[in-house]
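# Commentary on secondary and tertiary structure
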Amino acid sequence: MTVEGTVSGLEERVVGRAWMVRLDPADRGGAAVRVSCGRPACAPQVLPSAAVGRTAAVAHLATHLRAAPGPRPGASCACRAEECHTHVRADGPRDRAPALRCGGPVVLAVINDRQGRWWQALECCARCAAAHPSAKIVATAPAAAGPDPTAGARGAAGPPPAPVGPHFSHASSSPAPAGPHFSHASSSPAPAPRAVPAPRPKPRRKGRTGKIAQRFVPYDLHPVALRDELIELGDLFRAYQQLPEPDLEQLAELHARKAKAFRTWAEVTGETELRLDAQRAEQAAAAALLQHQQRTGQSPVGEGEVTNRLLPGLTQWEHARTVLAHVAEHTPLPGPEARLMTVMLTLRSALTGTGNLVGQDVRGLPLTDPEELIERLVDSGWLSIPGTADDLLESRPESPTPITIPSLMPDDDGQGPFDFGRKTRPKLSGWAQRVVGDKKLRKKKTGAATRLLALALAVRTTTDGRLGPEGEGVDLAVLTSWCAVEPDELEPLVEQLTVADWLEEAAVADGRLTGRLAERVLQVSCPLP
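Residues numbered from 1 in each chain as written. Predicted model: local features only at pLDDT ≥ 70, side-chain atom pairs only at ≥ 80, totals over all residues. Heavy atoms only, no water.

### Things to note about the side chain of Lys 258
Note the following rule: Helical segments are the DSSP runs of H or I of at least four residues, strand segments are the runs of E of at least two, and each set is numbered from the N terminus. Burial classes: relative accessible area under 20% of the type maximum marks a residue as buried, over 50% as exposed, and values in between as partly exposed (1.4 Å probe, protein chains only). Positive: Lys, Arg. Negative: Asp, Glu. His and the chain ends are not part of the count. Here, a salt bridge means any Lys or Arg side-chain nitrogen found within 4 Å of an Asp or Glu carboxyl oxygen. Working rule for contacts: check all heavy atoms of both residues, and any pair within 4.5 Å makes them a contact.
Within the secondary structure, Lys 258 is located in helix α8 (residues 248-269). One buried charged residue, Lys 258, forms no salt bridge at all, with the nearest opposite charge on Asp 277 at 6.5 Å. For Lys 258, the residues in contact, after removing those within four places along its chain, are Ile 212, Ala 213, Leu 233, Phe 237 and Ala 281.

Written as structure tokens, this is what we have:
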């Protein structure tokens with residue numbers, strides 16, 4: 001007796017085709033992308049941008065789909081061969097969904113990720129294609145008839161051999177004709193083709209959703225304008241975080257809008273935490289705006305008003321204080337006139353120890369005898385000029401006198417006493433000239449000590465012009481030391497600044513000078529941090 005073996009149809013079915021087109025960065029930090037295809041004969045392409053790369057990748061995949069033959073009815077799912085999660089059930093207590101069972105005709109489908117980084121074409125059954133939300137059916141194989149249990153053993157050899165003995169139908173008493181005949185095949189109709197199941201529809205959202213400040217915006221939040229504002233703000237904050245450079249003015253505006261939106265949200269829902277978030281957003285908006293104003297040389301003067309400062313920014317204000325502190329420690333001669341001259345010459349040659357000077361620069365200072373003062377500075381070794389002091393005073397802008405200050409020249413390592421740049425030095429020099437040469441100070445014929453006091457107070461104010469840190473005033477000992485005067489000489493200098501409309505509400509008490517700078521000179525102030 002001969003026993004015929006049988007092989008299941010699944011073991012004989014060919015594995016479905018599958019290939020992928022990918023979009024990857026071509027180099028680190030650049031915009032170029034590489035388009036690669038899973039087909040062996042396709043060479044990678046390097047394209048200038050992601051947008052161009054996506055267009056090329058889709059066109060490349062479409063070319064393959066047009067050239068490829070249609071899906072084969074007898075092919076098994078390509079995704080099942082790769083043991084995807086829809087076919088293989090992981091072991092674990094949280095895995096509730098059963099593994100997917102294939103069904104429906106074989107289709108050629110295309111799936112892709114949401115970010116547009118890869119596209120995959122695969123041969124699979126209609127049920128597997130429907131399991132992928134992004135799947136698009138390109139072609140469908142004609143539905144085959146019901147499975148034939150002998151198809152695996154028969155293969156491609158043709159029709160089955162005739163049975164050895166006659167068969168009889170249970171439907172009649174006459175012998176059956178020669179050849180194979182099955183009563184159940186003749187008595188039941190052929191199975192109808194199975195329809196392709198439609199992809200599972202995505203749940204319809206009732207409204208837009210978004211996220212802001214680690215909070216999800218409800219899709220049913222009303223009014224709709226509030227919901228849209230919150231979603232837009234969340235997108236704008238995330239876009240701001242991607243900026244290469246901070247924009248404090250834009251950040252202040254975003255925080256102000258967030259505060260207003262959160263306050264309305266709190267009124268709609270009654271949540272106290274939202275109201276607290278609105279208050280924190282208001283504080284963040286005020287802090288960002290103040291920082292922006294300080295960096296750009298502005299500060300609030302009154303309601304809705306700002307002042308533009310001659311030196312814009314915290315860094316330049318600190319450089320101005322550094323120069324004045326250096327002069328206070330390295331003045332070669334005593335007295336306010338020598339110190340004022342030292343300030344102006346230091347700012348002219350701060351970086352390299354060299355600079356140019358004309359006679360008008362010196363004659364514009366309140367000096368009793370400028371020629372004698374220059375000669376004394378030269379004799380002390382602090383200043384070096386090619387000619388005489390009289391030659392310097394007679395020099396004009398078209399032929400300035402070169403000056404050298406050895407103590408300011410960089411050392412062998414290229415380091416000097418100051419670390420600001422070449423563009424900052426003329427700004428600091430112009431700022432000091434603006435303070436010392438103030439029109440009202442010149443009209444009142446104030447002396448060098450008064451001009452030094454104006455410089456000292458200009459770098460010791462708050463953003464709104466009050467004297468001293470937090471507006472608590474300035475120590476008198478510091479001012480007398482800087483101005484090179486006796487303590488009893490300081491109060492008359494304060495009165496001169498008040499008459500010249502430089503100071504307001506000035507008062508000397510308890511060893512401190514309090515008051516504020518006049519509004520007209522706020523632009524030359526350098527507020528304390």
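Additional details are given in the paragraphs that follow.
### What to know about the sheet that holds strand β6 (residues 136-140)
The cut-off we apply is this: For two strands to be treated as a pair, DSSP must find no fewer than two bridges joining them. To define axes, lines are fitted to C-alpha atoms, for helices over the stretch in contact only, and angles between the resulting N-to-C directions are given on a 0 to 180 degree scale.
Reading across from one edge, β3-β2-β1-β5-β4-β6 is the order of the 6 strands in this open sheet, with antiparallel pairing throughout. One side of each edge strand has no neighbouring strand; the edge strands of this open sheet are β3 (45-47) and β6. Strand-to-strand, the axes of this sheet are offset by a mean angle of 20 degrees, without reference to chain direction. Looking at chain direction, strand β2 (residues 33-37) and β3 are connected through 3 bridges and run antiparallel. Paired with Arg 34 across the bridge in β3 is Val 46. Those strands touched by helix α2 (residues 50-67) are β1 (18-25), β2, β3, β4 (106-112), β5 (118-125) and β6, and its axis lies near 165 degrees from that of β1.

### Some words on the environment of His 330
Note the threshold: Identification of polar contacts relies on pairs of N or O atoms within 3.5 Å, with a donor-acceptor requirement for protein atoms, meaning one able to donate a hydrogen and the other able to accept it, and with residues adjacent in sequence counted only if both atoms are side-chain atoms.
Along the chain, the position of His 330 falls in helix α10 (residues 314-330). Along the sequence, His 330 and Ser 407 sit 77 residues apart, while their C-alpha atoms lie 9.1 Å from each other. Here His 326 takes part through its backbone oxygen, which lies 2.9 Å from a polar atom of the side chain of His 330.

### Looking at the pattern of salt bridges
Tallied over the full model, the rule gives 21 salt bridges. The partner of Glu 123 in a salt bridge is Arg 17, and the shortest N-O contact between them spans 3.1 Å. One end of the pair, Glu 123, is in strand β5; the other, Arg 17, is in the loop between α1 (9-12) and β1, and 106 residues separate them in sequence. Across the salt bridge formed by Arg 520 and Asp 438, the nearest N and O atoms sit 2.9 Å from each other. You can see Arg 520 sitting in the segment after β15 (512-517) and its partner Asp 438 sitting in the loop between α15 (424-436) and α16 (439-443), a full 82 residues away along the chain. Several salt bridges converge on common partners, so that one network encompasses Arg 215, Glu 271, Glu 273, Asp 277 and Arg 280.

### Quick word on the sheet that holds strand β14 (residues 503-509)
Pairing in this open sheet of 3 strands is antiparallel, and the strands run β13-β15-β14 from one edge to the other. Strands with a single pairing partner mark the edges of an open sheet, and in this sheet they are β13 (474-475) and β14. Of the pairings in the sheet, the one linking β13 to β15 comprises 2 bridges and is antiparallel in character. Note that in β15 the partner of Val 474 across the bridge is Leu 513.

### Some remarks on unusual backbone geometry
The linkage connecting His 222 with the following residue, Pro 223, adopts the cis geometry, with an omega of 5 degrees. Secondary-structure assignment places Pro 223 in the loop between β8 (215-217) and α7 (224-241). The phi torsion at Gln 214 lies on the positive side, around 60 degrees, for a residue other than glycine. Examined against the element boundaries, Gln 214 turns out to sit in the loop between β7 (210-212) and β8. In the Ramachandran plot, Glu 470 falls in the positive-phi region, its phi being about 60 degrees despite a non-glycine side chain. Among the structural elements, Glu 470 can be located in the loop between α17 (448-458) and β13. On the basis of relative accessible area, Glu 470 is assigned to the exposed category, the value being 63%.

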